[in-house]
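A closer look at the structure
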Amino acid sequence: MNRTKYLQAVKNGLQFFLESYQQQKILELDERISKLIEEGKTEEEAVALCGDVETYINAIYNENHVNRQKLAPKKSFLSSSYEQLFKTIRHVIDVMSQNSSKANAKILLDILILLGLTCVIKIPFILVRDLGDSTLDFFANPMLSNIWHLVVEVFYLVVAITFFLNVFKKWFQHLKIQK
């Protein structure tokens, strides 16, 4: 990592402090790097001697008695779930791009099996829908029957999507490259 990227990463990590304090810490770090370069180190060696960015940032937060974890914005359940899902999808795509065609065929077969299992989950919902239809036939109101169908279908949709996404993440999160 070069000096500019290192200093920018440190500055980004100190975003919760006042701008003047950030600049003071960046100047101190820049002077430290300059001294190491004057002593005959290359820029990359000088940056490496300053240590890991996260370690340096954590030291500054500890020095100021600030708990960095409490300052970080908390992600909602949905956003963290979708972030993890997209990370898993990217991982599957990366693995499939490096896999043999036989290994990719196995991954596609696993996805088809997962889709099949998701479809099988519909069976209890069909039974509940039909049970509700037979009960609602007593009222002889087609609007009531249509609302019942909508409720059951929406509930199935939520369960099916949740099931598919959770199983997909668990099955494909730790795929290995197979040549």
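To keep things clear, this report deals only with the structure shown in the data block. If you're wondering where the values come from, they're calculated on a predicted model, not measured in any experiment.

What counts and what doesn't
- Residues numbered from 1 in each chain as written.
- Predicted model: local features only at pLDDT ≥ 70, side-chain atom pairs only at ≥ 80, totals over all residues.
- Heavy atoms only, no water.
- Axes fitted to C-alpha atoms, helices over the stretch in contact; angles between N-to-C directions.
- Helix = DSSP H or I, 4+ residues; strand = E, 2+ residues; numbered from the N terminus.
- Parallel < 35°, antiparallel > 145°, perpendicular 65-115°, else oblique.
- Left-handed = near helix turned anticlockwise from the far one by under 90°.
- Contact = heavy atoms within 4.5 Å.
- Nonpolar A, V, L, I, M, F, W, Y, C, P; charged D, E, K, R; others polar.
- Buried < 20%, exposed > 50% of the residue type's maximum accessible area, 1.4 Å probe, protein only.
- Lys, Arg positive; Asp, Glu negative; His and termini not counted.
- Salt bridge = Lys/Arg side-chain N within 4 Å of Asp/Glu carboxyl O.
- Expected span 1.5 Å × (residues − 1).
- Phe/Tyr/Trp six-rings, centres within 6.5 Å; stacked < 30°, edge-to-face > 60°.
- Core = buried A, V, L, I, M, F, W, Y, C linked by side-chain atoms within 4.5 Å.

With that settled, consider the packing of helix α2 (residues 19-38) against helix α3 (residues 43-50). The packing of two helices is summarised by the inter-axis angle and the distance between the axes. Packing of α2 against α3 leaves a shortest axis separation of 9 Å and a crossing angle of 130°. Relative to α3, the element α2 lies oblique. For the pair α2 and α3, the sense of crossing is right-handed. On α3, the residues that touch Leu-29, Arg-32, Ile-33, Leu-36 and Ile-37 of α2 are Glu-43, Ala-46, Val-47, Leu-49 and Cys-50. Residue composition of the contact of α2 with α3, grouped by class: eight nonpolar, no polar and two charged.

Turning to the side chain of Lys-169, a few remarks are in order. With respect to the element layout, Lys-169 can be found in helix α9 (residues 142-172). Glu-83 is the oppositely charged side chain nearest to the buried, salt-bridge-free Lys-169, at an N-O distance of 11 Å. Ignoring any residue separated from it by four or fewer positions in sequence, one finds Lys-169 in contact with Ser-81, Gln-84, Leu-85 and Thr-88.

This brings us to the pattern of salt bridges. All told, the structure shown has eight salt bridges when counted by the stated rule. Between Lys-11 and Glu-19 there is a salt bridge, with the nearest N and O atoms lying 2.9 Å from each other. By relative accessible area, Lys-11 is classed as partly exposed at 25%. Judged by relative accessible area, which is 42%, Glu-19 ranks as partly exposed. Its salt-bridge partner being Lys-106, residue Asp-110 comes within 2.8 Å of it at the nearest N-O pair. Of this pair, Asp-110 and Lys-106 both sit in helix α7 (residues 101-120), four residues apart, roughly one helical turn. For Lys-106, a relative accessible area of 46% gives the class partly exposed.

What follows deals with α9. In this model, α9 (31 residues) spans 44 Å end to end at C-alpha, consistent with the 45 Å of a helix rising 1.5 Å per residue. Check the buried side of α9 and you find it contacts α6 (77-98), α7 and α8 (122-136).

Here we come to the packing of aromatic side chains. Aromatic ring pairs are defined here through the distance separating the ring centres and the angle between the ring planes. Taken as a whole and judged by the stated rule, the model has nine aromatic pairs. Between the aromatic rings of Phe-138 and Phe-139, the centroid separation amounts to 5.6 Å while the plane-to-plane angle is 70°, which identifies the pairing as edge-to-face. Measuring from ring centre to ring centre gives 6.0 Å for Phe-164 and Phe-168, while their planes differ by 20°; the resulting arrangement is stacked. Residue Phe-164 and its partner Phe-168 are located together in helix α9, separated by four residues, close to a single helical turn. Grouping aromatic residues by their ring pairs yields a cluster made of Phe-164, Phe-168, Trp-171 and Phe-172.

The tendency in soluble globular proteins is for nonpolar side chains to be buried side by side. Counting 18 residues, the largest nonpolar core has Tyr-6, Val-10, Leu-14, Leu-29 and Ile-33 as the members making the most contacts within it. Of all the elements in the fold, those that place two or more residues in this core are α1 (3-13), α2, α3 and α4 (53-63). Aside from chain neighbours lying at most four places away, what touches Tyr-6 is Met-1, Leu-29, Ile-33, Val-47, Cys-50, Gly-51, Asp-52, Val-53 and Tyr-56. Residues Leu-85, Val-95, Val-167 and Leu-175 belong to the second largest nonpolar core, which totals nine residues.

Purely geometric numbers; function is a separate question.
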